[in-house]
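So the chains spell out like this:
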Amino acid sequence: MELWEVAANYHQQTKHHFHRHARSLGYMDWATQPDPFRRFAPAPLLILPLAADEQTPSYDAIYEPNEAPVQAVTVQTLGSFFQLSLAISAWKEYEGSRWALRVNPSSGNLHPTEGYLVAPAIRGLHHEPGVYHYAPHEHGLELRTAFSQEIWDEVVAGFPPGTFFVGLSSIHWREAWKYGERAYRYCQHDIGHALAAIRVAAAVHGWSATWLATLSDEALAALLGLDRLQDFEPEEREEPEVLAAIIPSAAANSENASIPHEIIRKIAAGSWNGKAQKLSENHVNWDAIADVAKACLKPTTTLPESEAENTSTRSSMVRIERTCTARQIILQRRSAVALDGVTSLTRDQFYWMLTRVFPTRRRVPWDMPCSQVCAHLAVFVHRVDGLKPGLYFLVRDPGQEAALHAALDSSFGWEKPPGCPAGLPFCLLQAGDCRQLASQVSCGQAIAADGAFSLGMIVRFEESLKEHGAWFYRRLFWETGMIGQILYLEAEAAGVRSTGIGCFFDDPVHDVLGLRGMQYQSLYHFTVGGPTEDTRLTTLPPYDVNRPVR
Ligand SMILES: Cc1cc2nc3c(=O)[nH]c(=O)nc-3n(C[C@H](O)[C@H](O)[C@H](O)COP(=O)(O)O)c2cc1C
């Protein structure tokens, strides 16, 4: 069996069906609940400062090239960068239990994603370059290893001045504890959310970002110390996911740059601080996850050919005036636990959101190179003023329109809806009240019906895996998570709220669209609407002023 087939089989095996859910324990074993906060004691912990609101641009400015002023990389701006991407955003309390919410969302609030910094010597951080683990509970950086300036010069040789790096990894066990075999999918969604959160936080500081698309997982694991097996419990290892280069200038062209393996080996050979603290007393092993993770390891790859730019919607975007700051929107982002079944969006608000997730090479976060477009949106419109309720479709890459027309049910009308911006390939497939259907295919969750709209993210599946290899299975989920992250922020900016939906019945969604086989698959659902608040919960600030170290 080829590796891409292992990924495809895992996907098939972890589908939810009306009559059978993907394999999991079926209950929560509270005694083994993994700690959502990892520490590498006794690695030195450096507490980061928190962001000051007056320094952040308006929310809409971060999407416009050159509008947010470029800030210097200092311990202050690094603190603000991590706070606006991976930090705690609030504590919630109910009947004596207390749990943290974060800037980046996570399926089941389990947070399998860990963050790393690879940075030069920075005043107030450390006098040498180093690899750090980000500790969200403390909003601090743990120094895993330090290395010489000569090595740093070699690390950044191919990158613009001032570049630093942020790495992401996944602890599959954190997610598998609750979701069993399907958890690998959710870990990948969460990486996509975190990647978009990082790109957005960089944009707040006027920085650009790219990800090192050619780097192998083996190299990334060595750079971040994840292959130091002696530092981790076997069941709680971190899988390397992605390394982003953050570049403190408005436009950066470093698409081809990477970090040579021999330089990474020098860093890996240094002395490392601390060991990963144990997260659970006991574990359940899911072979399906171990197998798919092994098959989907990323080798060193060459860059795929650049995509043509979709510039068409830039000029025709509806314009909405808003005054909220980027910091406000990023920190107030929450998932709605219920939607009110009443609130509607205006047509302009709706089209604005769609335009933000329609990629162009200059639009954050789609400006990260190699953001090849694979995901499209099947949208259930319930309550958008001036639009008929019904099933609509956004083709996120006009080049794929013909293939999608051929793949989707031949009875669909593909009718341009009123007011749709020119160049936005968005069409009504079939009018009708889809509320019950939307909820039914999203595992019966009412939030899919009670919003202004909900959607399924439909990706070009089998051909993508055959073309790029098994690792691209992860990358497909990352794209859907990135779409989700932008929709989360857009919902907040529009005065409504949203929720990612990882629980859906896979094949029934395909049946609704007339999709056959594995050519296209739905990977993630999402809903946007007016929230109903749970007033029983108390909200507490994310950090104490004096932030005691654990
Ligand atoms: C990939 C993903 C899948 C999710 N799936 C669901 C879901 O099926 N149903 C639901 O009510 N919430 C879902 N959520 C929302 C999470 O439960 C929520 O993000 C988490 O509790 C943290 O809360 P916050 O988003 O307010 O920070 C999902 C979130 C993500 C990122």
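One structure accompanies this document, and this report is about it. (Residues numbered from 1 in each chain as written. Predicted model: local features only at pLDDT ≥ 70, side-chain atom pairs only at ≥ 80, totals over all residues. Heavy atoms only, no water.)

### Considering the pattern of salt bridges
1) Next: Counting across every chain of the model gives 33 salt bridges.
2) Next: R38 is the partner of E236 in a salt bridge, and the nearest nitrogen-oxygen pair spans 3.7 Å. Within this pair, whereas E236 is found in the loop between α6 (217–224) and β9 (239–247), its partner R38 is found in the loop between α1 (3–13) and β1 (45–47), the two being separated by 198 residues in sequence. For the residue pair E236 and R38, the accessibility class agrees, reading buried in each case.
3) Next: Put simply, E281 and K278 hold a salt bridge, and the shortest N to O gap is 3.7 Å.
4) Next: Looking at E281, the relative accessible area reads 57%, which means it is exposed. (Salt bridge = Lys/Arg side-chain N within 4 Å of Asp/Glu carboxyl O. Helix = DSSP H or I, 4+ residues; strand = E, 2+ residues; numbered from the N terminus. Buried < 20%, exposed > 50% of the residue type's maximum accessible area, 1.4 Å probe, protein only.)

### Re the state of the cysteines
1) Next: In total, this model carries one disulfide according to the counting rule given.
2) Next: Linked covalently through their sulfurs, C443 and C503 form a disulfide whose S-S length is 2.3 Å. In this structure, the disulfide formed by C443 and C503 twists by about -90 degrees around the S-S bond and is classed as left-handed. Of this pair, C443 sits in the loop between α13 (435–441) and β13 (453–460) while C503 sits in the loop between β14 (497–501) and α16 (506–513), placing them 60 residues apart in sequence.
3) Next: Using a relative accessible area of 22% as the deciding quantity, one classes C503 as partly exposed.
4) Next: In this structure C434 is a free cysteine whose sulfur lies 15 Å from that of C427, the closest cysteine sulfur available.
5) Next: Here C434 falls in the buried class, since its relative accessible area comes to 8%. (Disulfide = S-S within 2.5 Å.)

### Examining the side chain of E181
1) Next: On the secondary structure map, E181 appears in the loop between α4 (172–179) and α5 (183–204).
2) Next: Look at E181 and you get buried, because its relative accessible area is 3%.
3) Next: Within the local environment of E181, its side chain forms a polar contact with the side chain of Q13, the two groups lying 3.0 Å apart.
4) Next: In this structure, E181 is in contact with Y10, Q13, T14, R23, W286, A288 and I289, ignoring residues within four places of it in sequence. (Polar contact = N/O pair within 3.5 Å; in protein donor to acceptor, adjacent residues only side chain to side chain. Contact = heavy atoms within 4.5 Å.)

### Quick notes on the sheet that holds strand β2 (residues 88–94)
1) Next: Spatially, three strands are ordered β3-β2-β16 in an open sheet, and the strand pairing comes out antiparallel. Lying at the two open borders of the sheet, with one neighbouring strand each, are β3 (97–102) and β16 (538–540). In this sheet, adjacent strand axes meet at a mean angle of 30 degrees when their direction is disregarded.
2) Next: The pairing of β2 with β3 spans six bridges and is classified as antiparallel. Across the sheet, W91 pairs through a bridge with A100, a residue of β3. (Pairing = 2+ DSSP bridges. Axes fitted to C-alpha atoms, helices over the stretch in contact; angles between N-to-C directions.)

### Description of helix α7 (residues 261–268)
1) Next: Where α7 is concerned, the buried positions are I263, I264 and I267. Burial along α7 is one-sided: seen end-on, the buried residues are contained in an arc of 100 degrees.
2) Next: Along its buried surface, α7 packs onto β5 (130–135), β6 (140–146), α3 (149–155) and α6. (Arc of directions from axis to C-beta.)

### A word on the packing of α4 against α5
1) Next: Following both chains from N to C, one finds α4 and α5 inclined at 130 degrees, their axes separated by 8 Å at the closest point. By the angle class used here, α4 and α5 are oblique. Crossing geometry of α4 relative to α5 is assigned as right-handed. For the pair α4 and α5, the contacting residues are H172, E175, A176 and Y179 in the first and A183, Y184, Y186, C187, Q188 and D190 in the second.
2) Next: Each residue belonging to the contact of α4 with α5 can be placed in one class, and the counts come to six nonpolar, two polar and two charged. (Parallel < 35°, antiparallel > 145°, perpendicular 65-115°, else oblique. Left-handed = near helix turned anticlockwise from the far one by under 90°. Nonpolar A, V, L, I, M, F, W, Y, C, P; charged D, E, K, R; others polar.)

### Overview of the nonpolar core
1) Next: Counting residues in each nonpolar core, the largest one holds 115 residues, and the members touching the most others are F81, I246, F350, F426 and Y473.
2) Next: Ranked by residue count, the leading element in this core is helix α15 (residues 472–493), at 13 residues.
3) Next: The contacts of Y473, once residues within four sequence positions are left out, are A7, Y10, H11, Y184, R185, V292, C296, F461 and L465. (Core = buried A, V, L, I, M, F, W, Y, C linked by side-chain atoms within 4.5 Å.)

### Some words on the sheet that holds β9
1) Next: Strands sit in the order β1-β6-β5-β4-β7-β9-β8 across an open sheet of seven strands; the sheet is antiparallel. The sheet terminates laterally at β1 and β8 (208–211), the two strands that pair on one side only. With strand direction ignored, the average angle separating the axes of adjacent strands in the sheet is 30 degrees.
2) Next: Bridge analysis of strand β4 (residues 113–119) against strand β7 (residues 164–170) gives six bridges, and the strand direction is antiparallel. Each bridged residue has a counterpart across the sheet, and for T113 the counterpart in β7 is S170.
3) Next: Sitting on the sheet, α15 touches β8 and β9, and the angle it makes with β9 is about 55 degrees.

Nothing here speaks to function; it is geometry throughout.
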